[in-house]
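Chain by chain, the residues:
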Amino acid sequence: MELEKLQDKGIENFIFKKKIKQEEEKLFIMRYQVLTKSINGLTESFIVNFQRLKELLLENGSKSYCNFYYIQNDNMLNLGLSFSDNDEEPIQESDALYILQNELFIRTDYANFNKLINTFKNDIGKNIKAKTKLETNMISYDFENVDYYLKTLDFHFPVNFLKFNMFQYRSTNLNDEILINFEGKNNKISFCVHAIFSNTDKLFGESNGYDLGNLRP
C-alpha cells in the first residue's frame, strides 16, 4: 500500500510517543551513519515482527513499562526488551525479558540478558561513549502508550512489521538553528519507530517515524 494512501487514511494522527519530522530524522540518521564508520558493530536498523510484539503485550499486560535495552551479541548491536514495573536501570529479576532474533523477540533469562547488556557496555557502548561523551543504555516507554499504538494500527491498517531506525540526536539543524525538542538530547543514541504496511498486491509502504521515549541514563 503506497505511503500516500496510508497518510490519506490518517496514519499521521497516530502516535507512538511523538512524531518526528522526516528532515530531522534524516539528519539524525546521517550523524549515526558517521559513527558507523569509526565504531564496529553498529546496526543501522532493526525489523520487528508486529504480530509477535502484539502477543507479548497481551502476555505482559500487568507490567507498567516497555524498556528497550541496547545489548550486544555476535559482535553486533542488538535490542533487548524488558516488560517491567520499573522505568530505570538496572533490569529486575521480576522483569519479563526478551532478545531480538530474526525479527522476533524471544524469551531469555535474567543472567543471559544481563550478560548481553554488560557486553554492550564494555564494548560498543564504551566506544560510543568515547566518541559522544554520553551514554544511553535503555529507552523506556509507558506500556499503555505502546499498547495503544499497536492496537490502533492493528484496527486500521495491515501492519506486518515495525522498523526501528537508529540515529544520533542533534540539537541544531544544518543551518545551526535550535531544534527545540532535542536540546537536551544532543549526541545521544536512540531510535525512531516506523510501521511497515502491505496490501493484497504485496506493495509495501512505511509510515512516518515516532520517537521520544525516555532515555536512560
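If you're wondering where the values come from, they're calculated on a predicted model, not measured in any experiment. (Residues numbered from 1 in each chain as written. Predicted model: local features only at pLDDT ≥ 70, side-chain atom pairs only at ≥ 80, totals over all residues. Heavy atoms only, no water.)

**As for the environment of N145**
What counts is decided by this rule: Every helix listed is a DSSP run of H or I at least four residues long, and every strand listed is a run of E at least two residues long, numbered separately from the N terminus. Only protein chains enter the accessibility calculation, which uses a 1.4 Å probe; a residue is then buried when its area is under 20% of its type maximum, exposed when over 50%, and partly exposed in between.
Residue position: N145 is located in helix 6 (residues 143–156). Judged by relative accessible area, N145 falls into the partly exposed class, the value being 22%. A C-alpha to C-alpha distance of 9.2 Å links N145 and Y65, two positions 80 residues apart in sequence.

**Comments concerning the pairing of strand 9 (residues 189–198)**
Formally: Two strands qualify as a pair provided DSSP detects at least 2 bridges between them.
In terms of burial, strand 9 is a largely internal element, 10 of the 10 residues being buried. By the alternation rule, side chains of strand 9 split into I189, F191, V193, A195 and F197 and S190, C192, H194, I196 and S198, which are all buried. Both strand 8 (residues 159–168) and strand 9 contribute to a ladder of 9 bridges, which runs antiparallel. In the strand pairing of strand 9, F161 is matched with I196.

**Some thoughts on the packing of aromatic side chains**
Filter applied, for reference: A pair of Phe, Tyr and Trp rings is counted when the ring centres sit within 6.5 Å of each other, with Trp represented by its six-membered ring. The angle between the planes then sorts it: under 30 degrees is stacked, over 60 is edge-to-face, the rest tilted.
Counted according to the given criterion, the structure contains 15 aromatic pairs. Geometrically, the ring pair formed by F28 and F167 is edge-to-face, given 5.3 Å between the ring centres and 65° between the ring planes. One end of the pair, F28, is in helix 2 (residues 22–38); the other, F167, is in strand 8, and 139 residues separate them in sequence. For F28, a relative accessible area of 0% puts it in the buried group. On the accessibility criterion, F167 (0% relative accessible area) is buried. An aromatic cluster is built from F68, F105, Y141, F164 and F191, whose rings are joined through pairwise contacts.

**Quick notes on the environment of D95**
Keep this limit in mind: Working rule for contacts: check all heavy atoms of both residues, and any pair within 4.5 Å makes them a contact. Polar contacts here mean pairs of N or O atoms no more than 3.5 Å apart (in protein, one a potential hydrogen donor and the other a potential acceptor; neighbouring residues in sequence count only if both atoms are side-chain atoms).
Inspection of the secondary structure assignment puts D95 in the loop between strand 4 (76–84) and strand 5 (96–101). D95 sits in the buried class, given a relative accessible area of 6%. For D95 and D85, which are 10 residues apart along the polypeptide, the C-alpha to C-alpha distance reads 7.7 Å. Residues in contact with D95, not counting those within four places in the same chain, are S82, F83, S84, D85 and R107. In terms of polar contacts, D95 uses its side chain to reach the side chain of S82, at 3.0 Å. In this structure the side chain of D95 is engaged in a polar contact, spanning 2.9 Å, whose partner is the backbone nitrogen of Q92.

**Concerning the side chain of R216**
Summarising the element assignment, R216 is placed in strand 12 (residues 214–216). In terms of polar contacts, R216 uses its side chain to reach the side chain of E88, at 3.4 Å. For R216, the residues in contact, after removing those within four places along its chain, are D87, E88, E89, T136, N137 and M138.

**Describing the pattern of salt bridges**
Formally: Whenever a carboxyl oxygen of Asp or Glu lies within 4 Å of a side-chain nitrogen of Lys or Arg, that contact is scored as a salt bridge.
Scanning the model with the defined rule gives 9 salt bridges in all. The salt bridge partner of K121 is E89, with a shortest N-O separation of 3.3 Å. With K121 in helix 4 (residues 110–122) and E89 in the loop between strand 4 and strand 5, this pair connects stretches of sequence that are 32 residues apart. Its relative accessible area of 31% is what places K121 among the partly exposed residues. Taking relative accessible area as the criterion, E89 reaches 25% and is therefore assigned partly exposed. Each of D87, E88 and R216 takes part in salt bridges that share partners, so that together they form one network.

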